[in-house]
Amino acid sequence: MALKKKFIYDFLLLFVPTMFIWLTRILFATCRVDYKGFNNLEECEKGSRPFIAVFWHYSVFFVMHFCRGRSWVAMVSASKDGEYVSHLLNKLGNETVRGSRGKGGLKALREMAAHMQEGKNAAIVADGSKGPALVVQAGMILLASRTGAPILPFICAVDRYWAFTSWDRTILPKPFANIIFTCGEAMQVPPDIRSKDIEVYRLELETRLNALYLEAWSEFGKEHH
């Protein structure tokens, strides 16, 4: 029985990411995307240091599609479900580091820092793999302080979408949807930040992300997703 379960898991691990890539490629090809504030991304890409892209978990499907071929390094949950995401991102041309707040988080941050020292840009889900939703976790503040990398906030809003019954109401745009994808101004964290100051910058990043969130969704007459 255990062997059968392993076979099914290995098969799905091979099949699901490949199917997801092709289906979302077709889906997003029908959508209209309005990119806002991407001069902020261009300025960071011209800089001498890598940057840390952060976004809310609900928009993970579109962000993964956006990241294809960018050769970023992403932090992915160490759970079994995270294995699917890791394989998917690898197939899209990105590297992954496994870890989360509850499992291997500090080790994952050290690995992320090592990749960034080699010039890789990083991508981290701001509210983590388990939430709470729209609440920034502190790990990326520590990573930005240790590496000197600016933090770039990204927000996605959609006029027509399916929402999953997950803790964050993950969304998947419907065919021919209008999408707003916003990149906010880069946020710098001082080097060698002290523990008592991490919360200050965590709250600042959370405020920036949620301000962009409200602005983007208001374009479609909504207060939230």
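Below or above, wherever it landed, is the structure these notes cover. (Residues numbered from 1 in each chain as written. Predicted model: local features only at pLDDT ≥ 70, side-chain atom pairs only at ≥ 80, totals over all residues. Heavy atoms only, no water.)

Once that is clear, we can look at the overall build of the protein chain. Assigned secondary structure in the protein chain consists of seven helices and nine strands. Against the compact-globule benchmark of 17 Å for 225 residues, the protein chain has a radius of gyration of 17 Å, which places it among compact chains. Principal-axis analysis of the C-alpha atoms gives the protein chain an extent of 50 × 45 × 30 Å. Counting over 225 residues, the protein chain shows a buried share of 49%. In the protein chain, the share of contacts with a sequence separation of at least 24, taken over all contacts with a separation of at least 6, comes to 72%. Computed over 28 positive and 22 negative side-chain charges, the separation of the two mean positions in the protein chain equals 8 Å. (Helix = DSSP H or I, 4+ residues; strand = E, 2+ residues; numbered from the N terminus. Rg over C-alpha atoms; globule rule 2.2 N^0.38 Å. Buried < 20%, exposed > 50% of the residue type's maximum accessible area, 1.4 Å probe, protein only. Contact = heavy atoms within 4.5 Å. Lys, Arg positive; Asp, Glu negative; His and termini not counted. Charge placed at Lys NZ, Arg CZ, Asp CG, Glu CD.)

All told, the structure shown has nine salt bridges when counted by the stated rule. Of the charged contacts, one joins Lys120 and Glu95 as a salt bridge, the two residues approaching to 3.1 Å between their closest N and O atoms. Taken as a pair, Lys120 in the loop between helix H5 (105-117) and strand E5 (122-125) and Glu95 in strand E4 (residues 95-98) lie far apart in primary sequence, 25 residues in all. One salt bridge connects Arg202 with Glu199, and the closest N-O pair in it is separated by 2.8 Å. Here Arg202 and its partner Glu199 are both found in helix H7 (residues 195-218), three residues apart, which amounts to about one turn of the helix. (Salt bridge = Lys/Arg side-chain N within 4 Å of Asp/Glu carboxyl O.)

Next up on the list: the environment of Val189. Mapped onto the secondary structure, Val189 falls in the loop between strand E9 (178-183) and H7. Put simply, Val189 and Met140 are 49 residues apart on the chain and 9.9 Å apart in space, counted from C-alpha to C-alpha.

As a further point, take the sheet that holds strand E6 (residues 151-158). A sheet is described by the order of its strands in space; here seven strands give the open sequence E1-E9-E6-E2-E5-E3-E4, paired in mixed fashion. The open sheet is flanked by strand E1 (32-36) and E4, the only strands paired with a single partner. Put simply, the sheet's adjacent strands are angled 25° from each other on average, direction ignored. Relative to E5, strand E2 (residues 52-55) runs parallel, the two sharing four bridges. Across the sheet, Ala53 pairs through a bridge with Ala123, a residue of E5. (Pairing = 2+ DSSP bridges. Axes fitted to C-alpha atoms, helices over the stretch in contact; angles between N-to-C directions.)

Mapping Ser77 onto the fold places it in the loop between strand E3 (73-76) and helix H4 (80-91). Once residues lying within four places of it in the same chain are set aside, the contact partners of Ser77 are Gly82, Arg98, Gly99, Ser100 and Ser129.

Let us now look at the nonpolar core. One recurring pattern in soluble globular proteins is that nonpolar side chains are buried together. With 73 residues, the main nonpolar core has Ile52, Phe66, Ile141, Ile151, Phe154 and Leu205 as its most contacted residues. Ranked by residues supplied to this core, first place goes to H7 with eight residues. Those residues in contact with Ile151 that lie beyond four places of it in its chain are Ile52, Val54, Met140, Ile141, Ala144, Glu185, Ala186, Met187, Val189 and Leu205. (Core = buried A, V, L, I, M, F, W, Y, C linked by side-chain atoms within 4.5 Å.)

In this chain, Gly131 is followed by Pro132 through a cis amide linkage whose omega measures 10°. Assignment of secondary structure puts Pro132 in the loop between E5 and helix H6 (139-147). One non-glycine residue, Leu134, lies in the positive phi region at around 65°. The partly exposed category is assigned to Leu134, whose relative accessible area is 21%. Not every positive phi belongs to a glycine, and Asp192 is a case in point at roughly 50°. As for its position among the elements, Asp192 is in the loop between E9 and H7. Classification of Asp192 as exposed rests on a relative accessible area of 64%.

This paragraph deals with the packing of H5 against H6. Helix packing for two helices is described by the angle between their axes and how far apart those axes are. Where H5 contacts H6, the two axes come as close as 10 Å, and the packing angle between them is 40°. Viewed along their axes, H5 and H6 adopt a mutual orientation that is oblique. Every pair of crossing elements has a handedness; the one defined by H5 and H6 is right-handed. Of H6, the residues touching H5 (which contributes Leu109, Met112, Ala113 and Met116) are Gly139, Leu142, Leu143 and Thr147. (Parallel < 35°, antiparallel > 145°, perpendicular 65-115°, else oblique. Left-handed = near helix turned anticlockwise from the far one by under 90°.)

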